[in-house]
Amino acid sequence: MADSIEGRVRSGVDAFLRWLPRWQVGTSRARTRVCRQCFGSPIATAAGFDHDVPHAVQHALLSRMQAIIDEAVDDYTARNLPMVARELAKAAEPETGGYKPDEGLALEFQGLEIDPEPEPGQPFLFTLAELAERDRPVAPPAAEPPAPYSEEAKKALRTELELADDHARQVGTSVCLALVEHRRRISDAVDRLVEPQIDELLAELAQALENPRSR
Ligand SMILES: [Zn+2]
């Protein structure tokens with residue numbers, strides 16, 4: 001597992017570094033909510049990101065790493081944990097079909113708000129979230145309620161869930177360890193492509209504050 005995780009982390013970092021030159025300060029909308037994926041993430045620490053690195057930049061790398069973890073856990077679940085796999089398939093069923101605006105997006109957009117914050121006096125005709133709600137297929141009435149699990153089956157399912165959790169932790173640790181190896185490449189790129197833009201923005205801001213009338 002470790003080898004393939006290392007390879008996938010390397011490719012993920014490569015893809016992030018190819019994307020980074022296109023990032024521009026000021027083009028990403030300021031978030032009003034804390035991002036659940038990035039806030040306090042050990043992956044951000046492993047990548048060597050500090051608080052000065054803008055969220056959009058961090059999120060682009062972290063979502064790539066999260067996708068590696070999710071994929072590895074899905075794969076492990078499908079191969080080793082039949083009960084969990086069945087439960088996941090059941091949970092996914094009513095979701096099939098319909099428009100899902102937050103699916104199939106490039107990784108750097110995943111987890112970001114899909115709709116702008118509503119602004120007073122700035123009505124939108126519809127929001128993507130509303131569109132998704134409208135398109136959601138009506139679930140057909142369940143033919144028969146599924147038979148409840150026996151105590152023994154519940155215990156087996158709990159064991160499988162614990163195994164899935166353990167595996168997710170192991171993969172997460174492997175991803176972090178692999179990512180540490182790329183810290184230098186990441187920080188070089190951030191120094192070169194991100195920091196100058198932020199310095200320039202701060203300089204402009206300082207100038208505007210010093211000469212408020214000249215602007
Ligand atoms: Zn984020």
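This report concerns the structure included in the present document. Predicted, not measured: the structure shown is a model, and the values here were computed from it.

## A short note on the nonpolar core
Turning to step 1, where the next piece is worked out: Among the nonpolar cores identified, the biggest contains 35 residues, and Leu 20, Phe 49 and Leu 179 are the most heavily contacted of them.
Turning to step 2, where the next piece is worked out: Sort the elements by how many residues they give to this core and helix 3 (residues 55-80) lands first, with 10 residues.
Turning to step 3, where the next piece is worked out: With residues near it in sequence (within four places) discarded, Phe 49 still touches Phe 16, Ala 44, Val 57, Gln 58, Leu 61, Leu 62, Ile 186 and Val 190.
Turning to step 4, where the next piece is worked out: Tyr 76, Met 83, Ala 153 and Leu 157 belong to the second largest nonpolar core, which has seven residues in total.

## Details of the coordination of the zinc ion
Ideal donor angles around a metal are set by the shape: a four-donor tetrahedron calls for 109.5 degrees, a six-donor octahedron for 90 or 180 degrees.
Turning to step 1, where the next piece is worked out: Coordination of the zinc ion by the protein comes from Cys 35 (SG), Cys 38 (SG), His 55 (NE2) and His 59 (ND1), over a distance range of 2.0 to 2.3 Å.
Turning to step 2, where the next piece is worked out: What the four donor atoms of the zinc ion show is an angle range of 103 to 115° at the metal, which sorts the shape as tetrahedral.
Turning to step 3, where the next piece is worked out: Mapped onto the sequence, the donors of the zinc ion take the spacing C-x2-C-x16-H-x3-H. Within this pair, His 55 and its partner His 59 are both found in helix 3, separated by four residues, close to a single helical turn.
Turning to step 4, where the next piece is worked out: His 59 gets classed as buried once you look at its relative accessible area, which sits at 0%.

## Notes on the environment of Gln 66
Turning to step 1, where the next piece is worked out: Tracing the backbone shows Gln 66 in helix 3.
Turning to step 2, where the next piece is worked out: Given the relative accessible area of 24%, Gln 66 is considered partly exposed.
Turning to step 3, where the next piece is worked out: When the C-alpha positions of Gln 66 and Ile 43 are compared, they lie 8.7 Å apart, and in sequence the two are 23 residues distant.
Turning to step 4, where the next piece is worked out: Setting aside residues up to four positions removed in sequence, Gln 66 forms contacts with Gln 37 and Ile 43.

## Some thoughts on the packing of aromatic side chains
Turning to step 1, where the next piece is worked out: Considering all chains together, one arrives at two aromatic pairs under this definition.
Turning to step 2, where the next piece is worked out: The interplanar angle of 35° and the centroid separation of 6.0 Å between the aromatic rings of Phe 16 and Trp 19 together place this pair among those described as tilted. One end of the pair is Phe 16 and the other is Trp 19, both in helix 1 (residues 2-19) and three residues apart, which spans about a single turn. Like Phe 16, the residue Trp 19 is buried in the burial classification.
Turning to step 3, where the next piece is worked out: With a centroid separation of 6.4 Å and an interplanar angle of 65°, the aromatic rings of Phe 16 and Phe 49 are classed as edge-to-face. Here Phe 16 is found in helix 1, whereas its partner Phe 49 is found in the loop between helix 2 (42-47) and helix 3, with 33 residues between them in sequence.
Turning to step 4, where the next piece is worked out: For Phe 16, a relative accessible area of 0% puts it in the buried group.
Turning to step 5, where the next piece is worked out: Taken together, the ring pairs in this structure connect Phe 16, Trp 19 and Phe 49 into an aromatic cluster.

## Describing the side chain of Gln 58
Turning to step 1, where the next piece is worked out: Topologically, Gln 58 is positioned in helix 3.
Turning to step 2, where the next piece is worked out: Engagement of the side chain of Gln 58 in a polar contact is seen with the backbone oxygen of Asp 50, the distance being 3.1 Å.
Turning to step 3, where the next piece is worked out: Discounting chain neighbours no more than four positions away, the residues touching Gln 58 are Ala 44, Phe 49, Asp 50 and Val 53.

Rules used in this analysis
Residues numbered from 1 in each chain as written. Predicted model: local features only at pLDDT ≥ 70, side-chain atom pairs only at ≥ 80, totals over all residues. Heavy atoms only, no water. Core = buried A, V, L, I, M, F, W, Y, C linked by side-chain atoms within 4.5 Å. Buried < 20%, exposed > 50% of the residue type's maximum accessible area, 1.4 Å probe, protein only. Helix = DSSP H or I, 4+ residues; strand = E, 2+ residues; numbered from the N terminus. Contact = heavy atoms within 4.5 Å. Donors = N, O, S within 2.8 Å, 3.2 Å for Na, K, Ca; no water. Tetrahedral: all angles 85-135°; square planar, octahedral: opposite > 155°, others 65-115°. Phe/Tyr/Trp six-rings, centres within 6.5 Å; stacked < 30°, edge-to-face > 60°. Polar contact = N/O pair within 3.5 Å; in protein donor to acceptor, adjacent residues only side chain to side chain.

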